[in-house]
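Structural description and commentary
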Amino acid sequence: MALQNKILQLSCRSVLGEMLNKRFVSNSPALLKSATSESLRISATREETFPDGLITPGARVEVVAKETRIKSLKEMPGPSAISNLIEFFYRDGFSRIHEIQMEHSQKYGKIFKSRFGPQLVVSIAGRDLVAEVLRTEGVAPQRGNMESWKEYRDLRGRSTGLISAEGEDWLKMRSILRQLIMRPKDVAQFSDDVNAVVDDLVKRVETLRSQQTDGLTVLNINDLFFKYAMEGMAAILYEDRLGCLENEIPQKSQDYIAALHLMFSSFKMTMYAGAIPKWLRTIIPRPWEEFCSSWDGLFSFSQIHVDKRLGEIQDLVSRGETVKGGLLTHMLVTREMNLEEIYANMTEMLLAGVDT
């Protein structure tokens, strides 16, 4: 997609996005107060306003004594709540959100609003405006509405990770992890592990080609690259191999793949779960149940691998041997994060890494 057409949806938590990606959202009735809101001259009341040039190009601007009247949030264009309800919940618009965003940007301009149940979303479509938003964020930017993520973690007694954490908690985790995964010289240490996964991918492609009559075609290439990404990320994060590129995939890895596939529809599920009031869950339970089930599977799998590596480290220490390893080993040895925070970060980084 051309850069100038790229959409930044401020509330999209594309866990489904990059691990260190910052997100913004305006929550009705008042926009969240942040460095971004101050830069865009957005107040924390119902009289939110936006700077020149952010409203639809064709919108009429009233000029009084050479002063531009900055329009309020109420005047911001966008689809009606009813049309959104039909588009996303009846026509399953979540599966083609990118196309809908493009249509809306062409129809309503570079900045427009949408409503999903109780959630008010402001979307920006324009690289210069996106840059303006990103450049005005603070050291610990406020994330989009992730109430369903927080509710799940509170329900299960789980910690937040790099994707779901906010404020000082996010800043603390990022400051720890950036030392291990952000600098090129540190990332280079993962090259051997990743190259081994690439070798297995090539072998798998050759095997799949040999099964076809033309000896060339690879069916369901998206699924193959999904497994490759999962295997590569696991090699970096867990310091272990999952067998996703083998002819016979281990059952535990198959279960995890299923949980990941379910979570990759979590954007849809999160929007459903966030748009459906809690009192309606007894009547429409499926979105929330699937959301919780997928997270249960992801956390469980990560915990198995973290505990496995922890046990190996403890055995080495008890025998007086030197402990060597990668990212997970460093986190377990230094204990700059507690065990629950490590579980959460391993889970969320794998999810975000595979998605990316």
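Since we're looking at a predicted model, the values are computed, not measured. (Residues numbered from 1 in each chain as written. Predicted model: local features only at pLDDT ≥ 70, side-chain atom pairs only at ≥ 80, totals over all residues. Heavy atoms only, no water.)

Describing the confidence of the model for the protein
Inclusion rule: Per-residue confidence from the predictor is reported as pLDDT, a score between 0 and 100. Labels follow the DSSP assignment, with helices taken as runs of H or I lasting at least four residues and strands as runs of E lasting at least two, numbered in each case from the N terminus. Contacts are assigned to residue pairs with any non-hydrogen atoms lying within 4.5 Å of each other.
Counting all residues, the mean pLDDT for the protein is 77, and 76% of those residues have values of 70 or more. Confidence, expressed as mean pLDDT per element, reaches its minimum in the protein at strand E1 (residues 7–9) with 38 and its maximum at helix H8 (residues 191–210) with 94. This model gives residues 1–61 a pLDDT under 50, and the stretch forms 166 contacts once residues within four places in sequence are excluded.

Here we look at the pattern of salt bridges
In plain terms, the rule: By convention in these notes, a salt bridge is any Lys or Arg side-chain nitrogen within 4 Å of a carboxyl oxygen on Asp or Glu. Three exposure classes are used, based on accessible area relative to the maximum for each residue type with a 1.4 Å probe and protein chains only: buried under 20%, partly exposed in between, and exposed over 50%.
With the rule as written, the count across this model stands at 16 salt bridges. Measuring nitrogen to oxygen at the nearest pair gives 2.6 Å for the salt bridge that ties glutamate 87 to arginine 96. The exposure class assigned to arginine 96 is partly exposed, which follows from its relative accessible area of 22%. Among the charged side chains, a salt-bridge network with shared partners connects Asp200, Glu231 and Arg241.

Concerning unusual backbone geometry
If a residue is not glycine, its phi is most likely negative; likewise, a peptide bond is most likely trans. Positive phi is not limited to glycine here, since glutamate 239 has a value of about 55°. The residue glutamate 239 is located in the loop between helix H9 (221–237) and helix H10 (251–263) in this model. Positive phi outside glycine occurs at arginine 335, with the angle close to 55°. The topology assignment puts arginine 335 in the loop between helix H13 (327–334) and helix H14 (339–355). Looking at arginine 335, the relative accessible area reads 44%, which means it is partly exposed.

Notes on the nonpolar core
In a soluble, globular protein the nonpolar side chains are often hidden away together inside. Selection rule: By convention a nonpolar core is built from buried Ala, Val, Leu, Ile, Met, Phe, Trp, Tyr and Cys residues, the set being connected through side-chain atoms within 4.5 Å.
Counting residues in hydrophobic clusters, the biggest one holds 52 residues, and the most contacted among them are Tyr238, Leu327 and Met346. Sorting the residues of this core by element identifies helix H5 (147–156), helix H6 (167–181), H9, H10, helix H12 (286–318), H13 and H14 as the ones contributing at least two each. Among the elements that take part in this core, H12 stands out by supplying ten residues, more than any other. In this structure methionine 346 touches Leu237, Tyr238, Ser302, Val306, Leu327, Leu328 and Met331, once residues within four positions along its chain are discounted. Formed by nine residues, the second largest nonpolar core is a distinct cluster that contains Leu73, Met76, Val122 and Val130.

Observations regarding the side chain of serine 253
Relative to the helices and strands, serine 253 resides in helix H10. Looking at serine 253, the relative accessible area reads 4%, which means it is buried. Apart from the residues within four sequence positions on either side, serine 253 is in contact with Met230, Leu242 and Phe301.

Some remarks on H13
Within H13, the full set of buried residues consists of Leu327, Leu328, Thr329, Met331 and Leu332. Each element contacted by the buried residues of H13 is listed here: H6, H9, H12 and H14. After H13 finishes, the residue arginine 335 shows a positive phi value of roughly 55°.

Quick look at a nonpolar patch on the surface
Heads up, the condition is: A residue counts toward a patch only above 30% relative accessible area and without a salt bridge, and it is joined to like-charged neighbours within 9 Å or, for Val, Leu, Ile, Met, Phe, Trp and Tyr, to nonpolar neighbours within 5 Å. For accessible areas, the Shrake-Rupley method is used with a probe of radius 1.4 Å. Any residue's cover is judged against the shown protein chains and nothing else.
There is a patch of nonpolar side chains on the surface, built from Ile82, Leu85, Ile86 and Tyr90 and spanning about 470 Å² of accessible area. Tracing the backbone shows isoleucine 86 in helix H2 (residues 81–90). The exposure class assigned to isoleucine 86 is partly exposed, which follows from its relative accessible area of 37%.

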